[in-house]
Amino acid sequence: MNKLNFIFFFLLITGFNSFAQPISLHPQNPHYFLFKGKPTVLITSAEHYGAVLNADFDFKKYLQTMHDEGMNYTRIFVGSYAEVPGSFGIQNNSLAPVVGSFIAPWKRVDEPGLFRGEKKFDLNEWNPEYFSRLKDFILLADELGIVVEVTFFCSTYNDNIWERNPFNPGNNINSIPINLERQKSNTLANSILTGFQQKLVEKLVTELNGFDNVFYEIQNEPWSDDPQKVMRLLKTLDPEPEKGSWFKWAEMASSASLEWQKLMAKTVVETEAQLPKKHIIAQNYTNFVHSLDDVDPNISILNFHYVWPEAVWYNYGWNRPVSFDESGFAGSSDSTYLRQAWQFMMAGGAVFNNLDYSFYVGKEDGTGVNNAPGGGSANLRKQLTYLRSFIESFDFVQMQPDFNVVVHSPGLQVHAISQSGAQYAMVFTGVASKSVKLNLPKGKYNFEFISPYSGKTLKKGFFKQKKSGVYELKLPEFEEMVALKIIK
């Protein structure tokens, strides 16, 4: 066999995909992604992270629905955490499998655990059925153009959820000290548990190394078990100590948690150093908003939950994508989450993920009506495609947050990104007024007003800016939100 024939044969047996690269930060603008050779933003309204660990969940129907409805991203938990029926007020919760349907990375043994007789785990024995299901899920998602955020760990939240956790000493046979405090389970003070957690990361990273549609997240909401207040949200009030609700402060993980997370990120990097492909890693920092004072060099994506657009601006200097990694808990109205998505992405964000409670076992097509602390619907998913299409109609990797293009927008809040002098994208939110004043260089411009709700053009035209300075542009009639596209 000559050299050319050998190379061709090698390509056939290994697959051309071996030479593709996983989703990565865009080399021209690391605030966005590069996926399958194209600039990418990730926008979705997706199920509550249980698609793989819940054996009753028909993930094939789910992923096909996501693809058909234009979603390009979903997030999964790997089985190191599961919820119990009724957790967080969710009636139909894909992350709370019925007894007998919780499938995890480890084999079970014939010995009852703490939660309703579910069998204990042996953390030294992998479950082939789980990894087969996991890889089938990732493969189908890849074929459908869907990126998967794989979240390794999660906070324990409360004693009821901890009762079902595989790392609870009462749910495994691996001699983890019986007095392990759940709040320390994701810290280096967890005795021998850290070793089992590293082995899980190594196993997952190795099993999924061949996939390009994957990035990893260390831990979901790591501040929850030992919250550290870092940024006041009520700027004009001073809440009494220990009074008020979770939304009055942005809370960050403790130093013990951050130390442990750093080790887990290092474990990913060191494991992949021996493997063909390298994947990017996300870290979840706070709810709402915070200006990060430190970022681990191994971390590529800055994840926040229930995020203010300001989180993008405060952290733009880190030159990483900022992600609205989870929304919800704000009622069932589609318009609430659509407004969040538009404002965040027009602030310069790269990812928007709404918790969509219309997906659950038996309703994997996203048509369910759920009693839950959030929303989600086919209508919202359709509306989110208008946002993605709007962004993709620009050469958006050339754009960044713009605080100067809008001089005055009476009654309206504005979020804008631009390539100054060439292309401008913005969304106005509030009470419709007659016009806005824009600061534009000399030139000829096409403009188009688009409804975020219908995706339809409300008004379009052409104007000439005779000299650099202020141009007053008449607004169309709209309700609450209108998007504006300007191209020189």
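Residues numbered from 1 in each chain as written. Predicted model: local features only at pLDDT ≥ 70, side-chain atom pairs only at ≥ 80, totals over all residues. Heavy atoms only, no water.

Asker: I'd like to hear about the overall build of the protein chain, residue by residue, with values.
Answerer: Helices and strands together make up the secondary structure of the protein chain, namely nine helices and 24 strands. Over its C-alpha trace the protein chain gives a radius of gyration of 24 Å, about what one expects of a compact globule, namely 23 Å for 488 residues. For the C-alpha atoms alone, the extent of the protein chain along its principal axes is close to 80 × 80 × 40 Å. Looking at the 488 residues of the protein chain, the share that counts as buried comes to 56%. The contacts of the protein chain with a sequence gap of at least 6 include a subset with a gap of at least 24, amounting to 67%. Between the centroid of the 46 positive side chains of the protein chain and the centroid of its 51 negative side chains there is a distance of 10 Å. (Helix = DSSP H or I, 4+ residues; strand = E, 2+ residues; numbered from the N terminus. Rg over C-alpha atoms; globule rule 2.2 N^0.38 Å. Buried < 20%, exposed > 50% of the residue type's maximum accessible area, 1.4 Å probe, protein only. Contact = heavy atoms within 4.5 Å. Lys, Arg positive; Asp, Glu negative; His and termini not counted. Charge placed at Lys NZ, Arg CZ, Asp CG, Glu CD.)

Asker: Summarise the packing of aromatic side chains; cite the residues concerned and give the values.
Answerer: Scanning all chains against the criterion turns up 29 aromatic pairs. Between Phe 447 and Phe 449, the ring centres sit 5.9 Å apart and the planes meet at 70 degrees, which makes this aromatic pair edge-to-face. Here the two residues Phe 447 and Phe 449 agree in accessibility, since each one is buried. What links up through ring pairs into an aromatic cluster is the set Phe 102, Trp 106, Phe 121, Phe 152, Phe 153, Phe 167, Tyr 216 and Trp 260. Over the ring of Phe 131 we find Lys 203; its NZ or CZ atom is 5.1 Å from the centre of that ring. (Phe/Tyr/Trp six-rings, centres within 6.5 Å; stacked < 30°, edge-to-face > 60°. Lys NZ or Arg CZ within 6 Å of the ring centre and 35° of its normal.)

Asker: Requested: an account of the sheet that holds strand S3 (residues 38-40), with residues and values cited.
Answerer: Read across the open sheet, the three strands follow the order S1-S2-S3; overall the sheet is antiparallel. A strand with exactly one partner marks an edge of an open sheet, and here the two such strands are strand S1 (24-25) and S3. Pairing analysis gives two bridges linking S1 to strand S2 (residues 33-35), with the strands arranged antiparallel. From the neighbouring strand, Leu 25 faces S2, where its bridge partner is Phe 33. (Pairing = 2+ DSSP bridges.)

Asker: Mind laying out the confidence of the model for the protein chain, listing which residues take part and the relevant values?
Answerer: Per-residue confidence for the protein chain gives a mean pLDDT of 94, with 95% of residues at or over 70. Confidence drops under a pLDDT of 50 for residues 3-18, and excluding neighbours within four residues, the segment shows nine contacts in the predicted structure. (pLDDT = per-residue confidence, 0-100.)

Asker: I'd like a description of unusual backbone geometry, backed by residues and values.
Answerer: In most cases, non-glycine residues show a negative phi, while peptide bonds are predominantly trans. Of note, Arg 116 is a non-glycine position whose phi angle comes to about 50 degrees, a positive value. As for its position among the elements, Arg 116 is in the loop between strand S6 (106-112) and strand S7 (119-126). The class for Arg 116 is exposed, based on a relative accessible area of 60%. Positive phi, close to 65 degrees, is recorded for Ser 191, a residue that is not glycine. Looking at the element boundaries, Ser 191 is found in the loop between helix H4 (159-162) and helix H5 (193-207).

Asker: Mind laying out the packing of helix H3 (residues 128-143) against H5, listing which residues take part and the relevant values?
Answerer: Viewed as axis vectors pointing N to C, H3 and H5 meet at an angle of 45 degrees, and their least axial separation amounts to 11 Å. With respect to H5, the axis of H3 lies oblique. Handedness of the crossing formed by H3 with H5: right-handed. Touching Tyr 130, Phe 131, Leu 134 and Lys 135 of H3 are Lys 203, Leu 204 and Glu 207, all from H5. For the contact of H3 with H5, the residue count by class is four nonpolar, no polar and three charged. (Axes fitted to C-alpha atoms, helices over the stretch in contact; angles between N-to-C directions. Parallel < 35°, antiparallel > 145°, perpendicular 65-115°, else oblique. Left-handed = near helix turned anticlockwise from the far one by under 90°. Nonpolar A, V, L, I, M, F, W, Y, C, P; charged D, E, K, R; others polar.)

Asker: Account for H5, naming residues and giving values.
Answerer: Helix length check: H5 (15 residues) gives 21 Å between terminal C-alpha atoms against 21 Å at 1.5 Å per residue, within 8%. Along H5, the residues that are buried comprise Leu 193, Thr 194, Phe 196, Gln 197, Leu 200, Val 201, Leu 204 and Val 205. Considered in projection along H5, the buried side chains sweep an arc of 165 degrees and stay on one side of the axis. Residues of H5 that are buried make contact with S6, S7, H3, strand S8 (147-154), strand S9 (214-220) and helix H6 (255-272). (Expected span 1.5 Å × (residues − 1). Arc of directions from axis to C-beta.)

Asker: Please provide a residue-by-residue account of the packing of helix H2 (residues 59-68) against H3, values included.
Answerer: Relative to each other, H2 and H3 sit at 20 degrees, their axes nearing to 10 Å. One way to sum up the angle between H2 and H3 is to call them roughly parallel. Along this stretch, H2 crosses H3, giving a crossing that reads as right-handed. In contact with Phe 59, Lys 60, Tyr 62 and Leu 63 of H2, H3 contributes Arg 133, Asp 136, Phe 137, Leu 140 and Ala 141. Tallied by class, residues from the contact of H2 with H3 come to six nonpolar, no polar and three charged.

Asker: Which residues make up the side chain of Thr 429, and what values go with them?
Answerer: Take Thr 429: it is sitting in strand S19 (residues 423-430). Only 3.2 Å separates the side chain of Thr 429 from the side chain of Gln 343, close enough to count as a polar contact. (Polar contact = N/O pair within 3.5 Å; in protein donor to acceptor, adjacent residues only side chain to side chain.)

Asker: Describe the pairing of strand S24 (residues 481-487), with residues and values.
Answerer: In terms of residue burial, S24 counts as a mostly covered element, since six of its seven residues are buried. The pairing of S19 with S24 spans seven bridges and is antiparallel. Residue pairing for S24: Val 427 is matched across the bridge by Ala 483. Of the pairings in the sheet, the one linking strand S21 (residues 443-450) to S24 comprises five bridges and is antiparallel in character. Residue pairing across strands places Glu 448 opposite Lys 485, the latter belonging to S24.

Asker: Can you lay out the pattern of salt bridges for me, pointing to particular residues and giving the numbers?
Answerer: Within the structure shown, the criterion is met by 19 salt bridges. The residue Glu 326 makes a salt bridge to Arg 75 at a minimum N-O spacing of 3.6 Å. With Glu 326 in strand S14 (residues 322-327) and Arg 75 in strand S5 (residues 73-77), the pair connects residues that are 251 residues apart, well separated along the chain. Both residues of the pair, Glu 326 and Arg 75, count as buried. Residues Asp 159 and Arg 182 are paired through a salt bridge, measuring 3.0 Å at the closest nitrogen-oxygen approach. Highlighted residues: Asp 159 in helix H4 and Arg 182 in the loop between H4 and H5, separated in sequence by 23 residues. (Salt bridge = Lys/Arg side-chain N within 4 Å of Asp/Glu carboxyl O.)

Asker: Explain the sheet that holds strand S18 (residues 412-419) to me, and be specific about the residues and the numbers.
Answerer: Taken together, six strands build an open sheet; the order of strands is S16-S18-S19-S24-S21-S22 and the sheet is antiparallel. Looking along the sheet, the strands with just one partner apiece sit at the ends: strand S16 (400-401) and strand S22 (457-465). Of the pairings in the sheet, the one linking S21 to S22 comprises eight bridges and is antiparallel in character. Across the sheet, residue Phe 449 finds its bridge partner in S22, namely Lys 459. The sheet strands contacting helix H8 (residues 334-346) are S18, S19 and S24, and the helix crosses S19 at an angle near 145 degrees. Helix H9 (residues 378-392) contacts S19, S21 and S24 of the sheet and is inclined by roughly 15 degrees relative to S24.

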